[in-house]
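Tertiary structure, described
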There are 2 protein chains.
Amino acid sequence: MRVRIDLAYDGTDFKGWATQPLLRTVQGELTAALHTVLRLPDDTLRVTCAGRTDSGVHARGQVAHCDLPPEVPAEVVGRLARRLNGVLPGDLRIHRLAPASEGFDARFAALWRRYAYRIADTAEAVDPLDRAYVVAWPRPLDVDAMNAAAARLVGLHDFAAFCKQREGATTIRTLQELSWTRATSGVLVGHVRADAFCHSMVRALVGCLVAVGEGRKDAEWAADILAGRRRDPGVVVMHAHGLTLEEVGYPDDASLAERVEQTSARRRAEEVDG
Amino acid sequence: MRVRIDLAYDGTDFKGWATQPLLRTVQGELTAALHTVLRLPDDTLRVTCAGRTDSGVHARGQVAHCDLPPEVPAEVVGRLARRLNGVLPGDLRIHRLAPASEGFDARFAALWRRYAYRIADTAEAVDPLDRAYVVAWPRPLDVDAMNAAAARLVGLHDFAAFCKQREGATTIRTLQELSWTRATSGVLVGHVRADAFCHSMVRALVGCLVAVGEGRKDAEWAADILAGRRRDPGVVVMHAHGLTLEEVGYPDDASLAERVEQTSARRRAEEVDG
């Protein structure tokens, strides 16, 4: 039986999602907790997620799936979220865990991933209670200028200028949304949504727009960077801790299998980050 | 010259506001930073706040004042907030620092203090990113029942049932607001406003209402507790980390001196917690 797991984590003390030997990762902690609670031998289970977040990146709306072996009784699933939360550390919480719809795949069925990037660019907006996930920036940022530049980046493009290159992997993506709003607290929130992202893409896009927001660069420069398809030293990859995976979008149940078919073969071949 | 200091802190690693020997407190850190930045000898300055928060309690809208000696040049004040933030730790931030209006006193001029108490009573509402200031509660709470009981407690009463008794101190307060809302995140937020609070009063009020929210008690019981004017073992003082001082209200400048006159003599005599 496949289960869908909706989860959230404070990425501060995790070396990202993906299991790595000797390092504390979200996948590692979650997989270990599942083995413990279900009393299964090590390496029985594999957990797959929608967005493989980097070291220090947070998630409020991460989605994963896991195939449970037939010896796990169905009635255990209803209590699994609570039991996992009982053994997991406070920086990793299960929001929901339930049998997945037919054809569901956390990674390949996803239509889009939505991230938020948070910046406090004035002393008054810096809230020490939220400092784990809001970057304090020492200079004020012009949100209108950032939005003007962001508009030039939205759409289907080759985002090579904002991606860490990988052998044989495409950097063509559909950037569905890239915009900034100022919350009532004064915090600037960048809303970033795409079918998928390549490595460090959101943080490089934000770095580009922060240069515009400071008035050092303009929208034309941002458009030129995109068109150049090469990393530019003027684009800084922003701190990981400002970035949070907020939500993953899936089609309705009837379209899940079709979506998985569309994306899985292509994306597996390309080794795209989710 | 008197300056008004608006500040915020994550109370997790502070033993409350008030300076205590050998312990890390907000007043202690802030006073030390002022001495450092202004290069003044130890014990030159004294910082007074509006709400002397307990150990582990947070503040987003704390207000303090400090009288600077005449040798501090006036032009230093404009840069003081930035310089303090440069030496203060990340869990204590200055939002604003400016010359205070004539007659201002952070403690005695305050008209009211507003606190929030935050509880996540479902697995889905528990956000690991906000776990420092939201209490995770294992049972669902009935917000309507809590509001019905809260309405019985609002007004001018003797809150002895919810206060740690102190010799010679009154426990009569005007509770201006006590109500609960559920945020879009699912988190329950208690809004508590009064002219002043006695020690542990907010957390005892919340403990009383949580008993009602769980269905263990009803609004009548809460009203009886208040009328009994004695601490009741059924009322638990809730965890400090769910409590945040959100805002302090002051009269307009023309009324500051009158307000200070009204409150200072009475409150100094009574040793009331701010």
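In this text, all values refer to a predicted model and were calculated from it rather than measured experimentally.

About the thresholds
Residues numbered from 1 in each chain as written. Chains lettered and ligands numbered in written order. Predicted model: local features only at pLDDT ≥ 70, side-chain atom pairs only at ≥ 80, totals over all residues. Heavy atoms only, no water. Helix = DSSP H or I, 4+ residues; strand = E, 2+ residues; numbered from the N terminus. Rg over C-alpha atoms; globule rule 2.2 N^0.38 Å. Buried < 20%, exposed > 50% of the residue type's maximum accessible area, 1.4 Å probe, protein only. Contact = heavy atoms within 4.5 Å. Areas by Shrake-Rupley, 256 points an atom, 1.4 Å probe, with all protein chains shown as cover. Lys, Arg positive; Asp, Glu negative; His and termini not counted. Charge placed at Lys NZ, Arg CZ, Asp CG, Glu CD. Disulfide = S-S within 2.5 Å. Least-squares fit on C-alpha atoms with pLDDT ≥ 70 in both. Polar contact = N/O pair within 3.5 Å; in protein donor to acceptor, adjacent residues only side chain to side chain. Buried area = accessible area lost by both parts, 1.4 Å probe. Salt bridge = Lys/Arg side-chain N within 4 Å of Asp/Glu carboxyl O. Nonpolar A, V, L, I, M, F, W, Y, C, P; charged D, E, K, R; others polar. Phe/Tyr/Trp six-rings, centres within 6.5 Å; stacked < 30°, edge-to-face > 60°. Core = buried A, V, L, I, M, F, W, Y, C linked by side-chain atoms within 4.5 Å. Axes fitted to C-alpha atoms, helices over the stretch in contact; angles between N-to-C directions. Parallel < 35°, antiparallel > 145°, perpendicular 65-115°, else oblique. Left-handed = near helix turned anticlockwise from the far one by under 90°.

1. Focus on the overall build of chain A
A tally of regular secondary structure across chain A gives six helices and ten strands. The C-alpha atoms of chain A give 19 Å as radius of gyration, which agrees with the globular expectation for 274 residues (19 Å, within 12%). Reported as C-alpha extents along the three principal axes, the dimensions of chain A are approximately 60 × 40 × 35 Å. Within chain A, the fraction of its 274 residues that count as buried is 56%. The long-range fraction of contacts in chain A, counting pairs at least 24 apart against all pairs at least 6 apart in sequence, stands at 72%. If you sum the accessible surface of chain A, you get close to 12,000 Å²; carbon and sulfur atoms cover 50% of it. In chain A, which carries 35 positive and 37 negative side-chain charges, the distance between the mean positions of the two groups comes to 2 Å.

2. Here's the deal with the state of the cysteines
The final tally for this structure, using the stated rule, is two disulfides over all chains. The disulfide partner of A:Cys163 is A:Cys198, and the gap between their sulfur atoms is 1.7 Å. Of the two residues, A:Cys163 sits in the loop between strand 7 (155-158) and strand 8 (172-182) while A:Cys198 sits in the loop between strand 9 (188-194) and helix 4 (201-213), which places them 35 residues apart along the sequence. Each member of the pair A:Cys163 and A:Cys198 is classed as buried. Here B:Cys49 is not disulfide-linked; the sulfur of B:Cys66 is the nearest cysteine sulfur, at 12 Å. The exposure class assigned to B:Cys49 is buried, which follows from its relative accessible area of 4%.

3. What to know about the relation of the copies chain B and chain A
Copy one and copy two of the chain differ by a rotation about a common axis and a shift along it. Overlaying chain B on chain A yields an RMSD of 0.0 Å, the required transformation being a rotation through 180 degrees with an accompanying axial translation of 0.0 Å. In symmetry terms, the pair is related by a two-fold rotation axis. Relative to the rotation axis, the C-alpha of B:Asp130 is the closest in chain B, positioned 3.6 Å from it. Most of the interface of chain B is mirrored in chain A, where 100% of its interface residues are also at the interface.

4. Quick word on the environment of B:Asp127
Residues and elements named next belong to chain B. Relative to the assigned elements, Asp127 resides in the loop between strand 5 (112-120) and strand 6 (135-136). In this structure, the C-alpha to C-alpha distance between Asp127 and Leu68, residues 59 residues apart in sequence, is 42 Å. In terms of polar contacts, Asp127 uses its side chain to reach the backbone amide nitrogen of Leu129, at 2.8 Å.

5. Notes on the interface of chain B and chain A
One frequent convention defines the size of an interface as the accessible area lost when the parts assemble. Across the boundary between the two partners, chain B contributes 25 residues, which contact 25 residues of chain A. A buried area of about 2,000 Å², summed over both sides, lies between chain B and chain A, and 54% of it is on carbon and sulfur atoms. Taken together, the connections running from chain B to chain A amount to six salt bridges. Salt-bridge contacts for A:Arg131 lead to B:Asp10; the nearest nitrogen and oxygen are separated by 3.0 Å. At the boundary of chain B with chain A, the tally comes to twelve residue pairs in polar contact (both at pLDDT 80 or more). Secondary structure elements with two or more residues in the side of chain B that touches chain A: strand 1 (2-9), strand 3 (58-67), helix 2 (74-87) and strand 4 (92-99) of chain B. Taken together, the residues that form the side of chain B that touches chain A break down as ten nonpolar, five polar and ten charged.

6. Focus: the packing of aromatic side chains
This structure, assessed with the given rule, holds eight aromatic pairs over all chains. Here A:Phe104 and A:Tyr250 contribute two aromatic rings whose centre-to-centre distance is 4.9 Å and whose plane-to-plane angle is 55 degrees, an arrangement assigned as tilted. Within this pair, whereas A:Phe104 is found in the loop between strand 4 (92-99) and strand 5 (112-120), its partner A:Tyr250 is found in the loop between strand 10 (243-249) and helix 6 (256-270), the two being separated by 146 residues in sequence. For the pair shown, A:Phe104 and A:Tyr250 are each scored as buried. Plain terms: the ring middles of B:Phe159 and B:Phe162 are 6.4 Å apart, the flat faces sit at 50 degrees to each other, and that makes the pair tilted.

7. Considerations on the nonpolar core
Grouped together as the largest cluster of nonpolar side chains are 85 residues, with contacts concentrated most on B:Leu7, B:Leu34, B:Ile119 and B:Phe162. Sorting elements by how many residues they give to this core places helix 4 (residues 201-213) of chain B first, with ten residues. Once residues lying within four places of it in the same chain are set aside, the contact partners of B:Phe162 are B:Leu153, B:His199, B:Ser200, B:Met201, B:Ala204, B:Leu205, B:Cys208, B:Ile225, B:Leu226, B:Arg231 and B:Val235. Counting residues in hydrophobic clusters, the runner-up holds 84 residues, among them A:Phe159, A:Trp180, A:Val202 and A:Val212.

8. Comments concerning the packing of helix 4 of chain A against helix 5 (residues 219-228) of chain A
Residue and element names in this part refer to chain A. It is the contact of helix 4 with helix 5, at a shortest axis distance of 9 Å, that shows an interaxial angle of 155 degrees. Regarding the angle of helix 4 to helix 5, the classification is roughly antiparallel. Where helix 4 crosses over helix 5, the two elements pack in a sense that is right-handed. Of the residues in helix 5, those touching helix 4 at Cys208, Ala211 and Val212 are Ala219, Trp221 and Ala222. Taken together, the residues of the contact of helix 4 with helix 5 sort by class into six nonpolar, no polar and no charged.

9. Considering unusual backbone geometry
Phi at B:Leu22 takes a positive value of approximately 70 degrees, unusual for a residue other than glycine. Locating B:Leu22 in the fold gives a position in the loop between strand 1 and helix 1 (26-38).

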